[in-house]
Amino acid sequence: MTFFSTAKSTGILVIAGICLVLAFSLASTSYAKDKNDLPEVSSDGLHLVKDSKVRVAYAKPGASLAKYRKLILLDCYVQFKEDWKHEYNLNEVGLSGRVSDADLEEMKTKMAAEFKKVFTKELETEGGYEIVGITGPDVLILRPAIINLDPTAPALDSNSAFHRTIVRSAGQMTLFLEFYDSENKGLLARVIDPRADQFGGEADKFHNRVAADRILRHWADLLRDYLDEVTK
């Protein structure tokens, strides 16, 4: 299973990306399920990849990841689903279980750190792709974001018997990932892929982290498999 689709008629492997009009601020966007509803060409010249393994995929024509063996992994931007804190707090009885602005920022920081940890492990430790801090001809910049983050119950204390609740899903989130050549800073692609937890369990911080890691590994493994395919 590959992260991107490929085209070999001209000997060039085409990268997947996403439409430019889908931006970080559109965390509550309902992404088109039918790719025929999307424009063939984005406003910055990226072309729709209809057979990609992600929900929305656009690519710069002729772009290739074949030469990249090193990666610059930028800090992950994190954005919650629009009005998530307000909606969550409305369902909380009393003040102790409500999420504050400080809680929200802490959760963003932890999610960004978890993203970096998982992607570094899957791409560098397991995949052999060196994570570096300097540019070069074989260095690809990954600019990630987690948007539309919608955890089911992040504020509950997993050690509290009074708050033990079983849920069908720990929540959902969407990957927003951009790819740049590190030397000329040219945009090669963007991808958007929403994923929801399918396993459920107790509604607490611990199980939310397990669910998040499972989704993050899925995305990292797709990317690693694709890089393995095109760099052989």
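Refer to the preceding data block for the structure.
What counts, and at which threshold
- Residues numbered from 1 in each chain as written.
- Predicted model: local features only at pLDDT ≥ 70, side-chain atom pairs only at ≥ 80, totals over all residues.
- Heavy atoms only, no water.
- Salt bridge = Lys/Arg side-chain N within 4 Å of Asp/Glu carboxyl O.
- Helix = DSSP H or I, 4+ residues; strand = E, 2+ residues; numbered from the N terminus.
- Phe/Tyr/Trp six-rings, centres within 6.5 Å; stacked < 30°, edge-to-face > 60°.
- Buried < 20%, exposed > 50% of the residue type's maximum accessible area, 1.4 Å probe, protein only.
- Expected span 1.5 Å × (residues − 1).

This part covers the pattern of salt bridges. Taken as a whole and judged by the stated rule, the model has 16 salt bridges. Across the salt bridge formed by Glu106 and Lys110, the nearest N and O atoms sit 3.0 Å from each other. Highlighted residues: Glu106 and Lys110, both in helix α2 (residues 101-125), separated by four residues, approximately one helical turn. The partner of Arg224 in a salt bridge is Asp221, and the shortest N-O contact between them spans 3.9 Å. Of this pair, Arg224 and Asp221 both sit in helix α3 (residues 205-231), separated by three residues, roughly a single helical turn.

All right, on to unusual backbone geometry then. Even without being glycine, Asp83 reaches a positive phi, approximately 65°. As for its position among the elements, Asp83 is in the loop between β4 (77-80) and α1 (84-90).

Bringing the packing of aromatic side chains into the picture now. On inspection of all chains with the given rule, the structure shows three aromatic pairs. Plain terms: the ring middles of Phe80 and Trp84 are 4.9 Å apart, the flat faces sit at 35° to each other, and that makes the pair tilted. There is no split in this pair, since Phe80 and Trp84 are both buried. An angle of 15° between the planes, with centres 4.1 Å apart, marks the rings of Phe115 and Phe119 as stacked. Taken together, the residues Phe115 and Phe119, both in helix α2 and four residues apart, mark about one turn of the helix. An identical accessibility class is assigned to Phe115 and Phe119; each is buried.

Each turn of an α-helix holds 3.6 residues, which means side chains three or four residues apart point in the same direction. When the terminal C-alpha atoms of α2 are compared, their 35 Å separation across 25 residues agrees well with the 36 Å that a helix rising 1.5 Å per residue should span. Every buried residue belonging to α2 is among Leu104, Met107, Met111, Ala112, Glu114, Phe115, Val118, Phe119, Thr120, Glu122 and Leu123, and all of these are buried.

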